[in-house]
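# Remarks on the overall topology
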Amino acid sequence: FTSAGRLISAFPGDDAPAADPPPPPPAATTSRISVRGAHAATLVFSPGPDTDLDLLAIVSERASEAIGLALLRSHPPSTRDLAASELARTACRVPQERGRLIHLGQLIGFDPEDPVVGVAVITAATSAGLPGLDDLLRRRGRIATDTADTEVRAIVSLPDRRGAATHRTALVAQLKEWARDLDSVVVGVGPVVPDLASVPTSMELAVSSVQQRSAYGPGSVVDATATAIEMMLGTEELRPRREQFVRGQLAMLPSLRP
């Protein structure tokens, strides 16, 4: 399937692309396929009753690598895909990149004034073995993702400012449920920040939270809001970052007024 969910090819079965293919069955094994850092496609295996699921997982990972090379020629990333990938990468840089953040966000349909959340994922395997991640994030709003071999960075743009905190809480809960069935995966969820220009604060905290947690063992999710408070209370040198964090949280309060 393409990153938008349209069928590219199916076997066995009809090779003709379908406009509205049925969703993968609950037991399906899915793998993300990335090309030049952009989410290009999703590979879906529907196991039979006698399928060796451990072997299928290995096959899925290897097949994803081969298909990614083929897609580079037949279905290269679109301008929008590359802009989304660059947006997620730029969110990890210094705040001086704010103008570029807004420009890239507008290219992919983000409203720069909507609140956003940064999400970071690391895995001891490969990023292809993160089934359903993009769909889970997309349920909360527009997303931009950048993928490396063992890392994924994502920005989630929340269209409902008044309910942004509630949506983030639900996102953390859903990610915990999702990661529970995965080995060696750690997810960090940054705090809600008031607009796209402020996303480096959320992404930085999400990334630092996963870097402090081992990627070995059962999947886990770190709420970077809690860890950030502990981290930033450490020394006086972190005072500017504390003030920036507090300003970002206070900027959400006007939306709560009647």
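Look up a bit, the structure's there.
Residues numbered from 1 in each chain as written. Predicted model: local features only at pLDDT ≥ 70, side-chain atom pairs only at ≥ 80, totals over all residues. Heavy atoms only, no water.

### Some details on the overall build of the protein chain
Condition: Helix and strand definitions here come from DSSP, where helices need a minimum of 4 consecutive H or I residues and strands a minimum of 2 consecutive E residues; each element is numbered from the N-terminal end. Two residues qualify as a contact provided that any one of their heavy atoms is within 4.5 Å of a heavy atom in the partner residue. All accessible-area figures derive from a Shrake-Rupley calculation using a 1.4 Å probe, and residue coverage is judged against the displayed protein chains alone.
On a plain count of helices and strands, the protein chain comes out with eight helices and seven strands. Within the protein chain, contacts between residues separated by at least 24 positions form 66% of all contacts whose residues are at least 6 apart in sequence. Total accessible area computed for the protein chain in this model is approximately 13,500 Å², and 56% of it derives from carbon and sulfur atoms.

### A closer look at the side chain of T145
Put simply, the test is: Think of it in three bands: with a 1.4 Å probe and only protein chains considered, a residue is buried below 20% of the maximum accessible area for its type, exposed above 50%, and partly exposed in between.
Residue placement: T145 occurs in strand β4 (residues 142–147). With a relative accessible area of 7%, T145 lands in the buried category. Non-local contacts of T145, meaning those with residues more than four positions away in its chain, are made with R32, G37, H39, A84, S85, A88, D134, R153 and A154.

### A word on the nonpolar core
As a reminder, the rule being used: Remark: nonpolar core denotes a set of buried residues (Ala, Val, Leu, Ile, Met, Phe, Trp, Tyr, Cys) joined through side-chain atoms within 4.5 Å.
Ranked by size, the top nonpolar core spans 24 residues in total, and within it V119, V121, L133, L137, L175, W178 and V187 carry the most contacts. Mapped onto this core, the elements with two or more residues apiece are β3 (116–123), α4 (133–138), β5 (151–157), α5 (164–179) and β6 (185–189). For this core, the leading source of residues is α5, giving six residues. Beyond its immediate sequence surroundings of up to four residues, L175 is in contact with L133, L136, L137, V187, V189 and V221.

### Remarks on the packing of helix α2 (residues 79–90) against helix α3 (residues 98–107)
Angle between the axes and distance between the axes are the two parameters that describe a pair of packed helices. Our working definition: Lines fitted to C-alpha atoms define the axes here, with helix axes fitted over just the stretch in contact, and angles between the N-to-C directions of these axes take values from 0 to 180 degrees. Roughly parallel means an angle under 35 degrees; roughly antiparallel, over 145; roughly perpendicular, 65 to 115; everything else is oblique. Should the near helix be turned anticlockwise from the far one by less than a right angle, the crossing is termed left-handed; should it be turned clockwise, right-handed.
Running from N to C, α2 and α3 cross one another at 150 degrees; their axes reach a closest spacing of 9 Å. Between α2 and α3, the interaxial angle falls into the category roughly antiparallel. Considering the relative orientation of α2 and α3, their crossing is left-handed. Where α2 abuts α3, its residues A83, E86, L87 and T90 lie against R100, L101, L104, G105 and L107.

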